[in-house]
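# Survey of secondary and tertiary structure
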Amino acid sequence: NWQISDIVQDRVEQIKSVLDDDANVLIGLSGGVDSSVAAALIQEAVGDRLTGIFIDHGLLRQGEAEQVKKSFSQVFEFPIKFIDASQRFLGQLEGVSDPEEKRNIIGREFIKVFEQEAEDLENVTHLAQGTIYSDVIESGLDQNAALIKSHHNVGGLPERMELNLLEPLREFFKDEVRRIGEELGLPEDVVWRQPFPGPGLAIRVIGEVTREKLALLRKADYIFREELQNSGISDKVWQSFAVLPDMKSVGVMGDTRTYGYPIILRAVDSEEAMTADWVKIPHELLDKIAGRIVNEMEQINRVVYDVSSKPPATIEWE
Ligand code: XMP
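Keep in mind that what you see is a predicted model, and the values were worked out from it rather than measured. (Residues numbered from 1 in each chain as written. Predicted model: local features only at pLDDT ≥ 70, side-chain atom pairs only at ≥ 80, totals over all residues.)

Turning next to unusual backbone geometry. Cis rather than trans, the peptide bond between Lys310 and Pro311 has omega equal to -10°. Tracing the backbone through its elements, the reader meets Pro311 in the segment after strand S10 (300-305). Pro311 connects to Pro312 through a cis peptide bond whose omega is 10°. For Ala273, which is not glycine, the phi dihedral falls at a positive 70°. (Helix = DSSP H or I, 4+ residues; strand = E, 2+ residues; numbered from the N terminus.)

Mean pLDDT for the chain: 94, with 99% of residues reaching 70 or above. If you check the scores for this complex, the pTM reads 0.92 and the ipTM reads 0.99. (pLDDT = per-residue confidence, 0-100.)

Attention shifts here to the site of the ligand. Around the ligand sit 17 residues in total, of which Pro197, Gly198, Thr314, Ile315 and Glu316 are the nearest. Looking at the shell around the ligand, its residues break down into six nonpolar, six polar and five charged. (Near = placed C-beta within 6 Å. Nonpolar A, V, L, I, M, F, W, Y, C, P; charged D, E, K, R; others polar.)

This part covers the domain arrangement of the chain. According to the domain assignment, the chain contains domain 1 (4-193) and domain 2 (204-305). Inter-centroid distance (C-alpha atoms) of domain 1 to domain 2 is 28 Å. Taken together, the contacts link 11 residues of domain 1 with 10 residues of domain 2. When contributions to the side of domain 1 that touches domain 2 are tallied by element, the ones reaching two or more residues are helix H4 (86-93) and helix H7 (174-183). Split into classes, the residues belonging to the side of domain 1 that touches domain 2 amount to four nonpolar, four polar and three charged. (Domains from an automatic or database assignment. Contact = placed C-beta atoms within 7 Å.)

Structural data, given as structure tokens:
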């Protein structure tokens, strides 16, 4: 009967065994649980022969880059480089509306940036990622699994890569990853952070991603998060977010017709993201949130709450 401390020790030894004594590791950090726990594990194994890269792909939520920077400075001892690559990612996404294509572009651009950064450092042999087992299954790479969506860090990777991948959490589900994170002493707000997909808001702006649409989604998402936080519900739901669909609907304002975007709100409870139930947020709270969104955002004339579970829906809309 394995204890979590044995699993951590075993992983640390395994990481040591695949790396040469003078090899350096680059890790892509998203600010999320998986990559943070992977980093903490690798730090245990190689100490400062680890460099973190946080890429701002222009698809983050409001205030996220600053918040992640602050949190990392309190948690990790190895150097972390922050890169603003938003021009590059948003440029590549221009005119693209297919969800799988968006994921592939994002996966590929992440790797390009990592490979470029690796060239500036001495003897980097491995790129570490916080890939977990559900990413592998949903990308259709596990035996018997069908492709649901290519998680940007698995199915979305380019075929040829210069760096070897180091993915110490590839066999674990999220609750195990969280327990490993706790064992390694990561703070609660890191370990219990809600999941956020690597492709970020690109898969929550349905269809083509533009800066204008991103700005709308960011604002609505912020209002939703703020209200959930204030009501104390945030900590109880597995994941909650807003989605901006690629369509408009007719509304009325005063005595004028409007034609604006709707905002979709989604909150789910989940076991490992493989299945999920929609959360019964109190109607009064939904009313308050919807009221704030349409009052504070001229372009939004309708708010919709998603009452679908997984299956048959997935958690994200793309
Ligand atoms: P779905 O939509 O497949 O989501 O039910 C399951 C969980 O995975 C997250 N997700 C992703 N995470 N890259 C990621 O890193 C991706 O491409 C991706 N797609 C979905 C989603 O937010 C949910 O937590």
